[in-house]
Amino acid sequence: MTLTVQEFLQIDVPALLAAVLVCAACALVGNFLVLRRQGLMGDAVSHAVLPGIVAGFLVAGTRETLPMMLGALAAAALAGVLIEAIRRLGRLESGAAMGVVFTVMFAAGVVMIERAAASGVDLDADCVLYGQLETILWLAPTGWASLLDPAAWAAMPREVVTLGAVFALCLALVVLFYKELKITTFDPALASTLGIPAGLFHYGVVLLVATTAIAAFEAVGSILVIAMLIAPPASARLLTDRMAVQLVLSVALGVLAAVVGYGAAAFGPLWLGAEHSLNAAGMIAVAAGLILALAVLFGPTHGILGKRRAVGRLRTLVTTDAVAADGRRP
Amino acid sequence: MIPAIMDEAWRILTFQAGFNSAVVVAGTAALGLAGGTVGTFLLLRRRALVSDALSHATLPGIAIAFLIGAALGLPGRSLPLLLAGAVASGVLGLLTIQALVRHTRLTEDAAIGAVLSVFFGLGIVLLSLIQNLELGGQAGLKTFILGQTAAMAQGEAVGIGLLAAAAAAAVALLFKELRVLAFDPGFAAVQGWPVARLDLLLMGLAALVTVIGLQTVGLILVVALLIVPPAAARFWTDRLSTLTVVAALIGALSGWLGATLSALLPKLPAGAVIVLVAGAIFLVSFLFAPARGLVAVALRQARLRLDFAERRALSVLLGGGSVKGMLGAWLGLRGFVRTGTLTERGREAARAAERNRRLWDRFLTDYPTLIPAHVNWGVDPIDDVLPVDMVRMLEERGAS
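1. A few points about the overall build of chain B
Thinking step 1. The helix and strand inventory of chain B stands at 19 helices and 2 strands.
Thinking step 2. Since a compact globule built from 400 residues should have a radius of gyration of about 21 Å, the 29 Å found for chain B marks it as more spread out than a globular shape.
Thinking step 3. Within chain B, contacts between residues separated by at least 24 positions form 69% of all contacts whose residues are at least 6 apart in sequence.
Thinking step 4. With an accessible surface of roughly 18,400 Å², chain B has 65% of that area assigned to carbon and sulfur atoms.
Thinking step 5. In chain B, the 32 positive side-chain charges and the 24 negative ones have mean positions that sit 3 Å from each other.

Now the structure itself:
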């Protein structure tokens, strides 16, 4: 089976574009979750939005993005309020409060999906978990020349357009509020004394994560969203101590994971002589995991090997100093 | 129609709807019991969400075990092999989290999120590979994700019941050790308890519950069995032994009702139904539990506020002042005040309150180190809180 240019442009380019945009947007906002020790918020949000998505779908009756997105945002807000209420009023630790809320909401979503599926609605639990990267099609291009044709670009599938808009929004907000985000992340108390509303930024970050997760959800599924929120920022965190560098690096690593993962899933099996491709969302998560593993092992200053080497160098230094001191002794 | 369903529900609940459904319901209840018991200590040890990563991380193990089974020519879906694979990759996920937290600067939440999603992603890739290879018996694999009680055969249900009972028994046997681990690991380590090994044991028990729950509840929601019942039980009591028992009961009840409901509604995934039942019990506990429920706490606070206001009003009246409005009406209702002045009964109550306040003041200033916990200082009757000789001493000191 050979790959034609037209197939590549119609099937692979839009899917790859969607994956790259998702990974870039998630990695960018994920930095603030990782630095604020709220990594599990991504986990909670991406499970808890399920009933909202299904409700939006059932109310609107179509697979339009807007009602689903509104439903998901409402569900995310509800989850946030419930977690906070259980934590404050019930005096439970936040991990348990999150665990209760997101499992119960996810269960409600699953039941709603199955009820809807029973009455012949086209929605299933699988697409929520794994996403539907493979079904994003761009029918306009016929060959390389179409890439120069504005009409073909205008026919870009709406998933890609939505994701592009969300990435632009994230980028704009992060650039615009870079200073405030930085200070509220590292020292919320100092931020408050300087008159920056740290609480507002806390909720702003959560809201931005929710928006990104929801937009990404339909294309790539909940699991990849969690992977992309956490793994690239965590890798970047091991490679640098500067926040600006970390932000850029995490986006680059996210894009790398998307390209490598998508390539391995879509073309790897074909090269090995198999008939079908593998699940792309899963493979991108695996690629992100491999990148993280490499960063953990080989990160220059914070990697395990790097730290070991630094300890070894210190040991040599101390021994040689001791020997030198010994030699000077009469 | 409705009476028929009610009748059927009653027969399943009371184990009279045929041997198979009775075994499944009993097995699920046992699973809930084990989840509540083990989960109590996970909750207190603040490890609730680590088990979420554990359960997601079982998926690649299941898929690899299936591939190995297929390569060895075993019949499509050999359950022990799949569960062994699940344990292996779940434990590998746990160890990865531990290693990330210990050897890198990443915090636990990032480690959990990364392991959870990457392992699950690998599992999904392997599932799509299995689908492409078109091996037999793969249909059962998807039930591991969202669960299905109907998938439970009799022998499996008995096995689940036995393993769950073993997990609960292990917690009962190691109750003392787990208690010290849950409340003060530092103290436990100083006292020479093998804290690291106990932690490992606790996570091992969590892994056991996760794996036996995979088929019924599914790997995404099995963590709810470990989190929701103990969290709900927390509203009913402050004592660990009671907490463990209540959590076990709530877990068993969720499993029992949930399995019954999903037997009645076979289209719905069992795991989700069980979790929703547990969630409903949580909601009821959160609102109405007498010990720490929202309503009980609000009532207690209102009561305390009223008590306080009443005493202050009485002391104002005793000093010759007057009290108007709602509070005045309330005092009239209580028979303490008539036509703006204290009645004999009111005078008595005011004197008692005044004495109580005076003794409390003296106690709080003279013996600040002896102040008891869980008492409303200055409001609770001091004779009920402190020993008789202490009260007498305070009175004598006041007289001199």
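And the narrative resumes.
2. So, the packing of helix H4 (residues 58-71) of chain B against helix H6 (residues 108-133) of chain B
Residue and element names in this part refer to chain B.
Thinking step 1. Axis separation between H4 and H6 bottoms out at 7 Å; the angle between their running directions is 30°. Between H4 and H6, the angle is such that the two are roughly parallel. Judged by the sense of rotation from one axis to the other, the crossing of H4 with H6 is left-handed. Contacts from Leu59, Pro60, Ala63, Ile64, Phe66 and Leu67 in H4 reach Phe119, Phe120, Leu122, Gly123, Ile124, Leu126, Leu127, Leu129, Ile130 and Leu133 in H6.

3. A word on the interface of chain B and chain A
Thinking step 1. In this complex, chain B contributes 54 residues to the contact, which on the side of chain A involves 57 residues.
Thinking step 2. Of the roughly 4,700 Å² buried between chain B and chain A, counting both surfaces, carbon and sulfur atoms make up 77%.
Thinking step 3. Three residues stand out in chain B for area buried against chain A, namely Leu49, Arg105 and Asp109 of chain B, and they jointly supply 14% of the buried area on that side.
Thinking step 4. Connecting chain B to chain A are 2 salt bridges.
Thinking step 5. For Arg46 of chain B, the salt bridge goes to Glu93 of chain A, with nearest N and O atoms at 3.9 Å.
Thinking step 6. Taken together, the links from chain B to chain A amount to 11 residue pairs in polar contact (both at pLDDT 80 or more).
Thinking step 7. Elements supplying a minimum of two residues to the side of chain B that touches chain A: helix H3 (50-56), helix H5 (79-103), H6, helix H7 (143-146), helix H12 (222-233), helix H14 (270-288) and helix H15 (294-318) of chain B.
Thinking step 8. Broken down by element, the residue count for the side of chain B that touches chain A peaks at 17 residues, all from H6 of chain B.

4. Section: the packing of aromatic side chains
Residues and elements named next belong to chain B.
Thinking step 1. For the structure shown, the criterion picks out 8 aromatic pairs over all chains.
Thinking step 2. Ring geometry for Phe282 against Phe286: centres 6.1 Å apart, planes inclined by 10°, an arrangement best described as stacked. Of this pair, Phe282 and Phe286 both sit in helix H14, 4 residues apart, roughly one helical turn. The pair formed by Phe282 and Phe286 is uniform in burial state, with each residue classed as buried.
Thinking step 3. Taken together, a centroid distance of 6.0 Å and an interplanar angle of 35° make the contact between Phe363 and Tyr367 tilted. The exposure classification of Phe363 matches that of Tyr367, with both residues buried.
Thinking step 4. The structure contains a cluster of three or more aromatic residues connected by ring pairs, namely Phe235, Phe282 and Phe286.

The rules behind each value
- Residues numbered from 1 in each chain as written.
- Chains lettered and ligands numbered in written order.
- Predicted model: local features only at pLDDT ≥ 70, side-chain atom pairs only at ≥ 80, totals over all residues.
- Heavy atoms only, no water.
- Helix = DSSP H or I, 4+ residues; strand = E, 2+ residues; numbered from the N terminus.
- Rg over C-alpha atoms; globule rule 2.2 N^0.38 Å.
- Contact = heavy atoms within 4.5 Å.
- Areas by Shrake-Rupley, 256 points an atom, 1.4 Å probe, with all protein chains shown as cover.
- Lys, Arg positive; Asp, Glu negative; His and termini not counted.
- Charge placed at Lys NZ, Arg CZ, Asp CG, Glu CD.
- Axes fitted to C-alpha atoms, helices over the stretch in contact; angles between N-to-C directions.
- Parallel < 35°, antiparallel > 145°, perpendicular 65-115°, else oblique.
- Left-handed = near helix turned anticlockwise from the far one by under 90°.
- Buried area = accessible area lost by both parts, 1.4 Å probe.
- Salt bridge = Lys/Arg side-chain N within 4 Å of Asp/Glu carboxyl O.
- Polar contact = N/O pair within 3.5 Å; in protein donor to acceptor, adjacent residues only side chain to side chain.
- Phe/Tyr/Trp six-rings, centres within 6.5 Å; stacked < 30°, edge-to-face > 60°.
- Buried < 20%, exposed > 50% of the residue type's maximum accessible area, 1.4 Å probe, protein only.

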